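# Structural description and commentary
As a plain string of letters, each chain reads:
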Amino acid sequence: MSSFSAQSTSEEVCQVLADHIKGSKVLITGVTLGSVGGEAALQLSRHQPALLVLAGRNLQTLQATENAIKAETPDANTRLLIVDLSSQESVRNAAAEVNNYPERIDHLINNAGVMAAPYTTTPEGVELQFGINHIGHFLLTNLLLERMISGGSKVRVVNVSSAGHKRGPVRFDDVNFENGKCYDKWQAYGQSKTANMLLSVSLAEKVGEKGVESFSLYPGRRETGIGRHLKPEEWVMAGWKREDGSIDDDPKLNWRTASQGAATLIVATYEPSISDKNGSYMVNNQVNNGEAVDYALDPENAEKLWKLSEEIVGQKFEY
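Every chain is numbered independently, its residues counted from 1 as its sequence is written. The model is predicted, so local features are restricted to residues of pLDDT at least 70 and side-chain atom pairs to those at 80 or more, both for listing and for counting; the totals for chains, interfaces and linings are taken over all residues. The side-chain numbers reported here are obtained from all heavy atoms of the structure, hydrogens and water having been left aside.

### What to know about the pairing of strand 4 (residues 107-110)
Regular strands place their side chains on alternate faces of the sheet. Exposure classes here rest on a 1.4 Å probe applied to the protein chains alone. A residue is buried below 20% of its type maximum, exposed above 50%, and partly exposed in between. Elements are defined by DSSP. Helices are runs of H or I of four residues or more, strands are runs of E of two residues or more, and each kind is numbered from the N terminus. On strand 4, burial covers both faces: His 107 and Ile 109 on one face and Leu 108 and Asn 110 on the other are all buried. Note: two strands are recorded as paired if DSSP finds a minimum of 2 bridges between them. Bridge analysis of strand 1 (residues 25-29) against strand 4 gives three bridges, and the strand direction is parallel. The residue of strand 4 that forms the bridge with Leu 27 is Leu 108. Looking at chain direction, strand 4 and strand 5 (residues 155-160) are connected through four bridges and run parallel. The partner of Leu 108 across the bridge, within strand 5, is Val 157. The handedness rule is simple: strands pointing away from the viewer, and a clockwise path from the first strand over the helix to the second, make the crossover right-handed. This β-α-β element, strand 4 to helix 5 (residues 128-149) to strand 5, shows right-handed connectivity.

Below, the structure is given as structure tokens:
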């Protein structure tokens, strides 16, 4: 493993991995400027990926990130992809568009997400956090995977999870919290982030032999748009901020700069030495399964989640 530390920046990581980034064809969901995904897109664009697909539901947000990239790397080959991960129809349309590209994607970064949202459901009736953070990405990944692996070379699927997975396992018998009657927004967030980790476990198990490598990761704590549903006092109650609104800089909270936050994501996507740890969870630029709760890396749970997810999207994926 390259000697990255918790303090390594995206700039440092990209310098080391530049040969792997160059010529890659990568799709990133959730690329708002200032977010972990937006920062990763900006950093990767400086190192000559052959194609950088910026995926999200808002065209203006995508254009703002593209403009920031082009301002410093005018010849970056970017492409915008509209996808609303809460809508299975939108995901299917987006996947069809990508599958019609002349290029074949070889790195998929499932980064977009919502956190601690009030109870609501997707158009298909799935609790929103589970629907966006997991089901949307599960469907997108599987619809893209066949073409991704058709070239016979290794591909990577990276799922951005969170230390928040510790807030709850997947409630296999009741992912919708009794249709909101017993809804806890933090448990629901935990459930969705656990699901992100289990998806990597499943992919390693099901398609590892076909050249698919998958890792989940915790990018560290950042104050970004994902916290938009939280009131100021909730940041304090969670122990992340002080009463005066300043950040609590306890090292255990693992606050990251934008550049540090995107670093683990880039390592998970391109570092070659972790190939033998397929399905693992990463923290601070290192594989660290010890930081995961057992239920989030359990192969039986991964299989149960795969089957449940197939039922929810109404399609089986067998490889």
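Right, picking up where we left off after that structure.
### A word on the nonpolar core
Within the largest apolar cluster, 55 residues are counted, with the highest numbers of intra-cluster contacts made by Leu 27, Leu 81, Phe 130, Leu 144, Met 148 and Val 170. Those elements that place two or more of their residues in this core are strand 2 (51-56), helix 4 (88-99), helix 5, strand 5, helix 6 (185-207), strand 6 (212-218), strand 7 (281-283) and helix 9 (299-313). Residue contributions to this core peak at 12 residues, all from helix 5. Contact criterion: two residues are considered in contact whenever any of their non-hydrogen atoms come within 4.5 Å of each other. Excluding residues that lie within four positions of it along the chain, Val 170 makes contacts with Phe 130, Val 175, Gln 191, Thr 194, Ala 195, Leu 198 and Leu 305. Counting residues in each nonpolar core, the second largest holds 32 residues, with Phe 4, Ile 28, Ile 69 and Val 158 among its members. Each nonpolar core is a collection of buried residues, namely Ala, Val, Leu, Ile, Met, Phe, Trp, Tyr and Cys, held together in the definition by side-chain atoms within 4.5 Å.

### Things to note about the layout of surface pockets
Empty pockets left among the atoms are what a rolling probe the size of a water molecule brings to light. Detection works on a 1 Å grid of protein atoms alone, calling trapped sets that fit a 1.4 Å probe cavities and calling open sets with protein on both sides within 12 Å along at least five of seven lines pockets, with lining residues defined by an atom within 4 Å of a point. Grid points are joined across faces, edges and corners, and a volume is the space filled by probe spheres set on the points. In this model, the second largest pocket occupies a volume close to 180 Å³. Looking at the second largest pocket, the residues that line it are His 20, His 107, Lys 154, Val 155, Arg 156, Glu 213, Thr 269, Tyr 270, Glu 271, Pro 272 and Ser 275. When residues of the lining of the second largest pocket are traced back to their parent elements, those giving at least two are strand 5 and helix 8 (258-270). Partitioned by chemical class, the residues of the lining of the second largest pocket number three nonpolar, four polar and four charged. In this count, Pro and Cys sit with the nonpolar residues alongside Ala, Val, Leu, Ile, Met, Phe, Trp and Tyr, while Asp, Glu, Lys and Arg are called charged and the others, Gly among them, polar.

### A closer look at the side chain of Ser 35
Structurally, the position occupied by Ser 35 is in the loop between strand 1 and helix 2 (36-45). A polar atom in the side chain of Ser 35 sits 2.6 Å from the backbone oxygen of Thr 32. Any pair of nitrogen or oxygen atoms within 3.5 Å is treated as a polar contact; in protein, a donor-acceptor pairing is required on top of that, and neighbouring residues in sequence qualify only through side-chain atoms on both sides.

### Topic: the packing of aromatic side chains
Stacked, tilted and edge-to-face pairs are distinguished by plane angle, under 30 degrees for stacked and over 60 for edge-to-face with tilted covering the rest, among Phe, Tyr and Trp rings (Trp via its six-membered ring) whose centres lie within 6.5 Å. Summed over the entire model, instances satisfying the criterion amount to five aromatic pairs. A centroid spacing of 5.1 Å and a plane angle of 80° characterise the contact between Phe 138 and Trp 306, whose relative ring orientation is edge-to-face. In this pair, Phe 138 is assigned in helix 5 and Trp 306 in helix 9, connecting sequence segments 168 residues apart. Phe 138 sits in the buried class, given a relative accessible area of 0%. Relative to Phe 317, the ring of Phe 138 lies with its centre 5.8 Å away and its plane at 75°, an arrangement referred to as edge-to-face. Of this pair, Phe 138 sits in helix 5 while Phe 317 sits in the segment after helix 9, and the two are 179 residues apart along the sequence. The rings of Tyr 119, Phe 177 and Tyr 183 are connected pair by pair, giving a single aromatic cluster. For a lysine, the NZ atom is tested; for an arginine, the CZ atom; a charge sits over a ring if that atom is within 6 Å of the ring centre and within 35 degrees of the ring normal. Lying over the aromatic face of Trp 186, Arg 167 brings its terminal NZ or CZ to 4.3 Å of the ring centre.

### Topic: helix 2
Along helix 2, 10 of the 10 residues are buried, which leaves the element largely enclosed by surrounding structure. Residues of helix 2 that are buried include every one of Val 36, Gly 37, Gly 38, Glu 39, Ala 40, Ala 41, Leu 42, Gln 43, Leu 44 and Ser 45, and no others. Those residues of helix 2 that are buried lie in contact with helix 1 (10-21), strand 1, strand 2, helix 3 (59-72) and helix 8.

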